[in-house]
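Descriptive structure summary
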Number of protein chains: 2
Amino acid sequence: MSTILVSGHRNPDTDSIVSAISYANLLNSTGKSAKPVALGSPNEETAYALKEFGFEAPEIIEGVTEGDQLALVDHNEAQQSVPGRDQATIISVIDHHRIANFETAEPLMYRAEPVGCSNTIIYKLYQEAGVAIPKNIAGLMLSAIISDTLLLKSPTCTPEDEKALAALADIAGVDVQTYGLALLKAGTDLSAKSDADLLTMDAKSFPMGSRTVRIGQVNTVDTDELLARKAQLLDLMAESNAKDGYDLFLLLMTDILENNSVALVAGDGLAEVEAAFGGKVADQVIQLPGVVSRKKQVVPPLTKAIEAK
Amino acid sequence: MSTILVSGHRNPDTDSIVSAISYANLLNSTGKSAKPVALGSPNEETAYALKEFGFEAPEIIEGVTEGDQLALVDHNEAQQSVPGRDQATIISVIDHHRIANFETAEPLMYRAEPVGCSNTIIYKLYQEAGVAIPKNIAGLMLSAIISDTLLLKSPTCTPEDEKALAALADIAGVDVQTYGLALLKAGTDLSAKSDADLLTMDAKSFPMGSRTVRIGQVNTVDTDELLARKAQLLDLMAESNAKDGYDLFLLLMTDILENNSVALVAGDGLAEVEAAFGGKVADQVIQLPGVVSRKKQVVPPLTKAIEAK
């Protein structure tokens, strides 16, 4: 039996890294052979969680090939996935995003739910399989839920996420408020990050209509610190558009305490950005009050505005 | 709250019609408002099951429009779906087929498993929701499992299908062997069917590489009776290729007692058909010993052979 590689998305965040570990453990507990892998190094927040609960980062892979078996977690779109996946066989997908750029030749297990975090779904899969969640894996899984829902404050958060978080905190013996704030803050020390790091640390590409839109997101507790680097960031974004073929690049700077975002905008489509969010782009900056979720509050209105053009 | 329309695929079979009824009932039992609909009339087999358990056929709809909410059952591919679905919002999908030609702008509930029948998944959803299955709906659901798995003899059948069928038979108080054979035979009275009926009663279109392949399937207990109509059927298939833009048309005649198929082949791609099934096409006929499942034994090897071309 060949080992199933369990992989999250490129530019992995905490949910992607943790989902690979928690879902691989579930597969291994139900008679399969699985191994978590990653498409990049853990970010500071993820590294904090891994250390707290005693895990090494998953092995980084560059690609897959014919004969490989893949389980995708926390994503499904081809451009966010491991290179070479068309040659491999995808046996299952666990995700909480829109479905696009995904197709298979054969039936598979696909489990998507419109919840705030992939690990909320994985929590339910453990329940359904009757498999006990080890204490340290419960700690990782609750870290992912805290990360994806910004401590239950994101509009993507559902009652199911709240329920899973409470149950996992019981298993792990973790105080969610105290640990959660420490975890989120660990992800916002941006002083050591280069401008290029800020653009790539959590960025994804989205085909919208005939265009390709790049959307990066940086969590912060000090937006002004980021805005001070605006000129250099916009230069790099324009450069990346030209080099990587993006039509439009948005960098969301999300204040995780105030639950607002400010976005830098570079490329073609400022009118569509304004139409999508009902605001003005001034000097390539748009205020996005109340916006914290790329998936729920940025991608859908922007897709609609661009496709309506 | 707008009512969710629960729809199976075009040319509905028993699983599609029954899934619409059983999943709509589950949604209605969990605080949603849902209504089963169909994209065509029930076939003889489905009509037998509906009558046996006291149901009317679901309302037939011609299309959906903006503002409509859709739940798809037993399919996901656009060309098998209700016209206009791009305007509607798909809130959930319950399916057991490959995933292709499917995308959404927002996250949704997508539940696919590689099992023999959509109603096996719906049975699990009832269990997970803690909702009791009414006796007459259990009767319909077991009819769908019998139909899709040819009384558990198809290679698509899994232990999960067997388990669901046994549990549903308990609830419905049905003897599976006796009822199952009567149900399958009800679907094989082909004497009143026109040649055109035979081609369309259970036919689906599949994009493969750059081609569109039409695959119809007719269950029978007397293949010779069908082969006697070969010339007229092949004429109509060639006509349909020209008129409807199919590159290749296969009509599978499946002996449900012997578990073999014979296929008529019309159009461009005889070499690929031979490569896919390792046999010879003689006078536009190919023997397919042991083949009963379009999904598992026909679509994957033919897709592979055509894409390899």
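Residues numbered from 1 in each chain as written. Chains lettered and ligands numbered in written order. Predicted model: local features only at pLDDT ≥ 70, side-chain atom pairs only at ≥ 80, totals over all residues. Heavy atoms only, no water.

**Section: the overall build of chain A**
- On a plain count of helices and strands, chain A comes out with eleven helices and eleven strands.
- A globule of 309 residues ought to have a C-alpha radius of gyration of about 19 Å, and chain A, at 19 Å, matches this closely.
- Principal axes of the C-alpha set define a box for chain A whose edges measure 55 × 45 × 35 Å.
- Going through the 309 residues of chain A one by one, you find that 58% of them count as buried.
- Of the roughly 12,100 Å² that chain A leaves accessible, carbon and sulfur atoms contribute 49%.
- In chain A, 25 side chains carry a positive charge and 42 a negative one; their mean positions are 3 Å apart. (Helix = DSSP H or I, 4+ residues; strand = E, 2+ residues; numbered from the N terminus. Rg over C-alpha atoms; globule rule 2.2 N^0.38 Å. Buried < 20%, exposed > 50% of the residue type's maximum accessible area, 1.4 Å probe, protein only. Areas by Shrake-Rupley, 256 points an atom, 1.4 Å probe, with all protein chains shown as cover. Lys, Arg positive; Asp, Glu negative; His and termini not counted. Charge placed at Lys NZ, Arg CZ, Asp CG, Glu CD.)

**Some words on the confidence of the model for chain A**
- In the predicted model, chain A carries a mean pLDDT of 95, and the fraction of residues at 70 or more is 100%.
- Interface confidence for the predicted complex, expressed as ipTM, amounts to 0.83; the pTM equals 0.84. (pLDDT = per-residue confidence, 0-100.)

**A closer look at the pairing of strand β9 (residues 248–255) of chain B**
All names here are of chain B.
- In terms of residue burial, β9 counts as a mostly covered element, since eight of its eight residues are buried.
- Across the two faces of β9 the burial is the same, with L248, L250, L252 and T254 and F249, L251, M253 and D255 all buried.
- Bridge analysis of strand β8 (residues 211–220) against β9 gives eight bridges, and the strand direction is parallel. For V218, the partnering residue across the bridge sits in β9 and is M253.
- As defined by bridge partners, β9 adjoins strand β10 (residues 260–267) across eight bridges and the pair is classed as antiparallel. Bridge pairing in β10 places D255 opposite N260.
- Connecting the antiparallel pair β9 and β10 is a turn made up of four residues, with N259 showing a positive phi of about 60 degrees. (Pairing = 2+ DSSP bridges.)

**Focus: the sheet that holds β9(B)**
Residues and elements named next belong to chain B.
- Strand order across the open sheet formed by five strands is β7-β8-β9-β10-β11, with mixed pairing between neighbours. Whereas interior strands pair on both sides, the edge strands pair on one side only; in this sheet they are β7 (203–208) and β11 (285–288). When strand polarity is set aside, the average angle formed by the axes of neighbouring strands in this sheet is 25 degrees.
- Packed on one face of the sheet, helix α9 (residues 230–244) meets β9, β10 and β11 and runs near 50 degrees to β10. (Axes fitted to C-alpha atoms, helices over the stretch in contact; angles between N-to-C directions. Contact = heavy atoms within 4.5 Å.)

**What to know about the UniProt feature "binding site: Mn(2+) 2" (unreviewed entry) in chain A**
- In the numbering adopted here, UniProt assigns the feature "binding site: Mn(2+) 2" (unreviewed entry) to D15(A), D74(A), H96(A) and D148(A). In sequence the annotated residues extend across 134 residues, while in space they remain close, none of their C-alpha pairs exceeding 10.8 Å.
- As for its position among the elements, H96(A) is in the loop between β5 (89–95) and β6 (109–112).
- Contact partners of H96(A), with chain neighbours within four places excluded, come to D15(A), D74(A), E113(A), V115(A), G116(A), C117(A), S118(A), I121(A), D148(A), K295(A) and P107(B).
- Side chain to side chain, H96(A) and D74(A) meet in a polar contact 3.0 Å long.
- Topologically, D148(A) is positioned in helix α4 (residues 135–149).
- When neighbours within four sequence positions are excluded, D148(A) is seen to be in contact with D13(A), D15(A), H96(A), G116(A), C117(A), S118(A), S154(A) and T156(A).
- In terms of polar contacts, D148(A) uses its side chain to reach the side chain of H96(A), at 3.4 Å. (UniProt positions renumbered as here; feature names shortened; annotations may be inferred. Polar contact = N/O pair within 3.5 Å; in protein donor to acceptor, adjacent residues only side chain to side chain.)

**Topic: the interface of chain A and chain B**
- Each partner contributes to the interface: chain A provides 22 residues, whereas chain B provides 22 residues.
- Carbon and sulfur atoms supply 60% of the area buried between chain A and chain B, which totals about 1,900 Å² over both sides.
- It is I99(A), P107(A) and Y110(A) in chain A that bury the most area against chain B; as a group they hold 27% of the surface buried on that side.
- For the pair chain A and chain B, the number of links is zero salt bridges.
- Linking chain A to chain B there are four residue pairs in polar contact (both at pLDDT 80 or more).
- Examining the composition of the side of chain A that touches chain B, we find that four residues originate from one element, β6(A), more than from any other.
- Class assignment of the residues belonging to the side of chain A that touches chain B gives a composition of eleven nonpolar, four polar and seven charged. (Buried area = accessible area lost by both parts, 1.4 Å probe. Salt bridge = Lys/Arg side-chain N within 4 Å of Asp/Glu carboxyl O. Nonpolar A, V, L, I, M, F, W, Y, C, P; charged D, E, K, R; others polar.)

**A look at the packing of helix α3 (residues 118–129) of chain A against α4(A)**
Residue and element names in this part refer to chain A.
- Running from amino to carboxyl end, α3 crosses α4 at an angle of 145 degrees, the nearest separation of the two axes being 8 Å. Taken together, the residues of α4 that come into contact with α3 (itself represented by S118, N119, T120, I122, Y123 and Y126) are I137, M141, A144, I145 and D148.
- Grouping the amino acids of the contact of α3 with α4 by side-chain chemistry returns seven nonpolar, three polar and one charged.

**Section: the pattern of salt bridges**
Residue and element names in this part refer to chain A.
- The tally for this structure, following the rule as stated, stands at 24 salt bridges over all chains.
- Where K35 meets E59, a salt bridge forms, and the shortest distance between an N and an O atom there is 2.8 Å. With K35 in strand β2 (residues 34–38) and E59 in strand β3 (residues 59–60), the pair connects residues that are 24 residues apart, well separated along the chain.
- On the accessibility criterion, K35 (32% relative accessible area) is partly exposed.
- Looking at E59, the relative accessible area reads 46%, which means it is partly exposed.

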